Amino acid sequence: MEQKQTRLLSAVRAGETVKIVSVQAGRGLNSRLASMGLMSKVQITVVNNSHPGPFVISVKGSKMMLGRGMAHKIMVV
Amino acid sequence: MVMRKITVAIAGNPNSGKTTIFNMLTGARQHVGNYPGVTVEKKEGLCRYKDYEITVVDLPGTYSLTAYSIEEIVARNFIIDEQPDVVVDIVDASNVERNLYLATQLIEMNMPLVLAFNMSDIAKQIGMVFDIEQLSKLLQAPVVPTIGNKAKGKTELLDAIIETAGSDKVQRTYKINYGQEIETELANVENLICAEEGQLAKKYEPRWLAVKLLEQDNDVIAKVKNKKVQDAVTASTEHLKSIFGDEPEIVMADKRYGFISGACQETIKTTVESRHSSSDMIDAVVTNRVLGLPIFLILMYLVFLMTFKLGRYPMEGLELFFDWAGSSIAGLWPLGSESWLRSLLVDGVIAGVGGVIVFLPNILLLFFAIALLEDTGYMARAAFIVDRIMHKIGLHGKSFIPMLIGFGCSVPAIMATRILENRRNRLTTIMVIPLMSCGAKLTIYALIIPAFFTEKWHGPMMWLIYLIGIVLAIICIKLLRLTVFKGETMPFVMELPPYRMPTFKSLCIHMWQRGWMYLRKAGTIILGISILLWVASSYPKPNPESLRDLDREQARQEMLEYSVIGRLGHAIEPVIKPLGFDWKIGTALIGATAAKEVFISQLAIVYAVSSREAGALGSTDAPETTLRDKLQANYTPLTGFCIMLFCLIYAPCVVTVVMTKQETGSWGWALFQFFGLTTLAYVVTFIVYQVGSLIMT
């Protein structure tokens, strides 16, 4: 079933639900993101991805805003 | 009856309603300050219940207890070092899974724990049903449903706190299982710690130490001095990395979530997916890519308007009151007599106290507005909307608000930096706030500009001087970011809490806390310094004989010149000469450190003109020689411009200095700001004057 390509979170369109494959940030940031629920194997939904504008995702029932830079560091499938 | 004293620490994620629970428990009996040495806010309150006197400490809101941010370290150190009798973890009941992550770490530290499932009404509304009893069993801590903003669940929570405080420390039998590989390494490290680091093992939970060491927590690693333990930790982490192909801490975070979702699956039934429906609708408008920025700017304008326009009326009232108080006290002495006591009371104490209290309406109104923005949930959106702009400068989106307030007055602006969670952002913002042209500096510009420039240039000049302040602020931020506050800018990840209706009571508590803190802490120091400046501008007194033939204005001029400040003005003349300033301006500049508007009255005194005319805006056509005419006769437009430039940048006023000390927790930062800005002012004005003089000739 899962033959979709791994891609950057920033390329995901609003409304799509994807699964995090990896977070490619430094150690400190990685664990901070993990404490907020953003880590591999977690399902997230992109709520808003309009350019320019906030990048908003929904994870474990909370909405979160990410910087664009952040969205480039997260790989999803 | 003897009261039993216990300490309770309140932990929880940001937006979990921590503050509402804190307010619910302590009411208005709160004390707001800083944790010693760090710019992190500390709130403490008292609560009496049954025969207990409970000290409640509100820890900074955190998602975790790692050592990556100062807030988390502060929260963690408080829990470890102060050993509170109970830790209450506030959990947003409508978002349990993510909120329990913090709880897993508190469980690991083996803290006596009570879980408050807050906003349980919202959770119920969206169809969540909890098996509280089973959940308590799984998490091995009492779970109490609460509704903070409606004060529901207060007695139940207090009962749970007292019961937990009274019972002996339970050794929790149920542990988060990290899986065989990690558990083997954990056991190994834990045994080594107990054997080699006896002192540490006594103070901290050994298993927690082992977990933190494998997570490569810098703070804990630094505590371990024993080589054997260090080597074992390195070997273990390397081993785990090779097995999992990932940092051990990430694998462990994953296991914690596994534990949580296991516990939740058994105990929480949910029927509805989203808890955001109405919030989504508001967000669609408020964070809309076209409408977002205009809405934000309008709201900010309203905040500014409310703070300064609405605040003007009580402010004027207070000013009138202090004028009246001053003149009535002065009236106690016979007309024409010069008494030092009268001068001390009127010019020193009353002027000083007045100078402190007139800011109070601004501060109260500003913090009411900020509380409103924060409690409704808009602040998080606002931060995001301007973040792209602010980020380029090197600051957080939220810094926009204090900077904007800085155009009204630096004092509330510096207090407003409390909305910034990140310490480095907060300090950077505080340092540059005085570069925003405040209301007091505006009076200086209003005096100088018409004196030296033709009508046509009034607007552009004013605009230019404001712009210079902003540009300098941006340069300073960049410089500070590269030097003193080096380090990665916090990448932008922020939770968007659902919109909520704030309660009037919590807004008032918030507002009153700030106002009271300002009065009590800043007030005393500012009063002291005001009196000191009064002494410096009044003493020593010249020989009365020499004043006999002079009129009132000339006598005042003579007295100021003879005083410490006048002498200082003379003394610094060689230093400020390259800026185009003489001793008269020097004297006024020194006096103006009390408050920028004093610059005008001091200048009026040294030029022996009545200060009332000098300060009044439309007084150019007054029949007497006004201060503007005097200035025009004595200085070039270039000097006039340099005066404005110097006043814009140099040493912030005393109240600001004290606020900076207060908010940063150290005189070091206040002095850094004071001398840093003065140096900057000197350099900039020097260049402008020297280059300007060359061009002019």
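Residues numbered from 1 in each chain as written. Chains lettered and ligands numbered in written order. Predicted model: local features only at pLDDT ≥ 70, side-chain atom pairs only at ≥ 80, totals over all residues. Heavy atoms only, no water.

Asks: An account of the overall build of chain A is requested, with residue identities and associated values reported.
Replies: If you tally the helices and strands in chain A, you get two helices and six strands. Computed over its C-alpha atoms, the radius of gyration of chain A comes to 11 Å, within 12% of the 11 Å expected for a compact globule of 77 residues. Referenced to the eigenvectors of the C-alpha coordinate spread, the extents of chain A come out at roughly 30 × 30 × 20 Å. Burial statistics for chain A: of 77 residues in total, 53% are counted as buried. Across chain A, the fraction of contacts at a sequence separation of at least 24, relative to all contacts at a separation of at least 6, is 53%. Counting only carbon and sulfur atoms, one obtains 52% of the accessible surface of chain A, whose full area is about 3,400 Å². (Helix = DSSP H or I, 4+ residues; strand = E, 2+ residues; numbered from the N terminus. Rg over C-alpha atoms; globule rule 2.2 N^0.38 Å. Buried < 20%, exposed > 50% of the residue type's maximum accessible area, 1.4 Å probe, protein only. Contact = heavy atoms within 4.5 Å. Areas by Shrake-Rupley, 256 points an atom, 1.4 Å probe, with all protein chains shown as cover.)

Asks: Which residues make up the nonpolar core, and what values go with them?
Replies: Residue and element names in this part refer to chain B. Counting 102 residues, the largest nonpolar core has Y518, F581, F599, L631 and I649 as its most contacted members. Residues in contact with F581, not counting those within four places in the same chain, are I576, L589, T639, C642, I643, F646 and T685. Counting residues in each nonpolar core, the second largest holds 88 residues, with A103, L135, V189 and L214 among its members. (Core = buried A, V, L, I, M, F, W, Y, C linked by side-chain atoms within 4.5 Å.)

Asks: I'd love a proper account of a nonpolar patch on the surface, names of residues and values included.
Replies: Residues and elements named next belong to chain B. There is a patch of nonpolar side chains on the surface, built from W463, L464, L467, I470, V471, I474, I475 and L479 and spanning about 680 Å² of accessible area. Mapped onto the fold, I475 is located in helix α22 (residues 455–482). Judged by its relative accessible area of 43%, I475 is partly exposed. (Patch = residues over 30% accessible without salt bridge, like charges linked within 9 Å, V, L, I, M, F, W, Y side chains within 5 Å. Salt bridge = Lys/Arg side-chain N within 4 Å of Asp/Glu carboxyl O.)

Asks: Quick rundown of the packing of helix α5 (residues 132–139) of chain B against helix α12 (residues 248–267) of chain B? Include the residues and the values.
Replies: All names here are of chain B. Interaxial distance between α5 and α12 falls to 9 Å at its minimum, and their mutual angle equals 155 degrees. Judged by the angle between their axes, α5 and α12 are roughly antiparallel. Viewed along their axes, α5 and α12 form a crossing whose handedness is right-handed. Packed against α5, whose contacting residues are Q134, L135, L138 and L139, the element α12 presents F259, A263, E266 and T267 at the interface. (Axes fitted to C-alpha atoms, helices over the stretch in contact; angles between N-to-C directions. Parallel < 35°, antiparallel > 145°, perpendicular 65-115°, else oblique. Left-handed = near helix turned anticlockwise from the far one by under 90°.)

Asks: For the environment of L341 of chain B, give the residues involved together with the corresponding values.
Replies: Position of L341 of chain B relative to the elements: it lies in helix α15 (residues 340–357). Looking at L341 of chain B, the relative accessible area reads 35%, which means it is partly exposed.

Asks: Which residues make up the interface of chain B and chain A, and what values do they have?
Replies: Contacts between the two partners involve 34 residues from chain B and, on the opposite side, 31 residues from chain A. Among the residues of chain B in contact with chain A, R98, F384 and V493 of chain B are the three that bury the most area, contributing 21% of the side total. Linking chain B to chain A there are two salt bridges. K63 of chain A is paired through a salt bridge with D283 of chain B; the nearest N and O atoms lie 2.9 Å apart. Secondary structure elements with two or more residues in the side of chain B that touches chain A: α3 (96–108), α12, α13 (277–286), α17 (378–393) and β10 (493–496) of chain B. In terms of residue count, α12 of chain B provides more of the side of chain B that touches chain A than any other element does, five residues in total. Of the residues contributing to the side of chain B that touches chain A, the split by class is 14 nonpolar, seven polar and 13 charged. As defined by bridge partners, strand β5 (residues 62–66) of chain A adjoins β10 of chain B across four bridges and the pair is classed as antiparallel. Bridging from a neighbouring strand, L66 of chain A pairs with V493 of chain B of β10 of chain B. (Buried area = accessible area lost by both parts, 1.4 Å probe. Nonpolar A, V, L, I, M, F, W, Y, C, P; charged D, E, K, R; others polar. Pairing = 2+ DSSP bridges.)

Asks: Lay out the packing of helix α28 (residues 583–591) of chain B against helix α29 (residues 598–606) of chain B in plain terms, naming residues and giving numbers.
Replies: All names here are of chain B. With their axes 8 Å apart at the nearest point, α28 and α29 run at an angle of 145 degrees to one another. For the pair α28 and α29, the crossing hand works out as right-handed. Of α29, the residues touching α28 (which contributes W583, K584, I585, T587, A588, L589 and G591) are V598, F599, Q602, L603 and V606. Considering only residue class, the contact of α28 with α29 consists of eight nonpolar, three polar and one charged.

Asks: Break down α28 of chain B for me, with residues and values.
Replies: Counted residue by residue, α28 of chain B has nine buried out of nine residues, so it is predominantly covered. Within α28 of chain B, the full set of buried residues consists of W583, K584, I585, G586, T587, A588, L589, I590 and G591 of chain B.

Asks: Outline the side chain of E663 of chain B, listing residues and values.
Replies: Residue and element names in this part refer to chain B. Secondary-structure assignment places E663 in helix α33 (residues 654–664). On the basis of relative accessible area, E663 is assigned to the buried category, the value being 0%. Polar contacts involving the side chain of E663 include one to the side chain of R418, which spans 2.6 Å. (Polar contact = N/O pair within 3.5 Å; in protein donor to acceptor, adjacent residues only side chain to side chain.)

Asks: Outline the packing of aromatic side chains, listing residues and values.
Replies: Residue and element names in this part refer to chain B. Counted according to the given criterion, the structure contains 16 aromatic pairs over all chains. Measuring from centroid to centroid gives 4.8 Å for Y101 and Y257, while their planes differ by 25 degrees, and the two rings are stacked. Separated by 156 residues along the polypeptide, Y101 in helix α3 and Y257 in helix α12 bring together distant segments of the chain. Residue classification places Y101 among the buried residues on the basis of a relative accessible area of 3%. (Phe/Tyr/Trp six-rings, centres within 6.5 Å; stacked < 30°, edge-to-face > 60°.)

Asks: So what's going on with the pattern of salt bridges? Which residues, and what values?
Replies: All names here are of chain B. Scanning all chains against the criterion turns up 25 salt bridges over all chains. Here K18 makes a salt bridge to D58, at a shortest N to O gap of 2.7 Å. Placement of the pair is K18 in helix α1 (residues 18–26) and D58 in strand β4 (residues 52–58), with a sequence separation of 40 residues. Its salt-bridge partner being E196, residue K228 comes within 3.3 Å of it at the nearest N-O pair. Of the two residues, K228 is situated in helix α11 (residues 227–244) and E196 in helix α7 (residues 180–196); the sequence distance between them amounts to 32 residues. A relative accessible area of 31% places E196 in the partly exposed class. Each of R76, D217, D219 and K223 takes part in a single network of salt bridges with overlapping partners.

Asks: Tell me about the pairing of strand β1 (residues 4–12) of chain B, and name the residues and values.
Replies: Residue and element names in this part refer to chain B. Sheet topology note: the β1/β4 ladder contains seven bridges and is parallel. Residue pairing in the sheet places I10 in a bridge with D58 of β4. Here β1 pairs with strand β5 (residues 86–92) via five bridges, running parallel. Bridging from a neighbouring strand, A11 pairs with D89 of β5.

In short, the description is geometric, and any link to function would need to be established separately.
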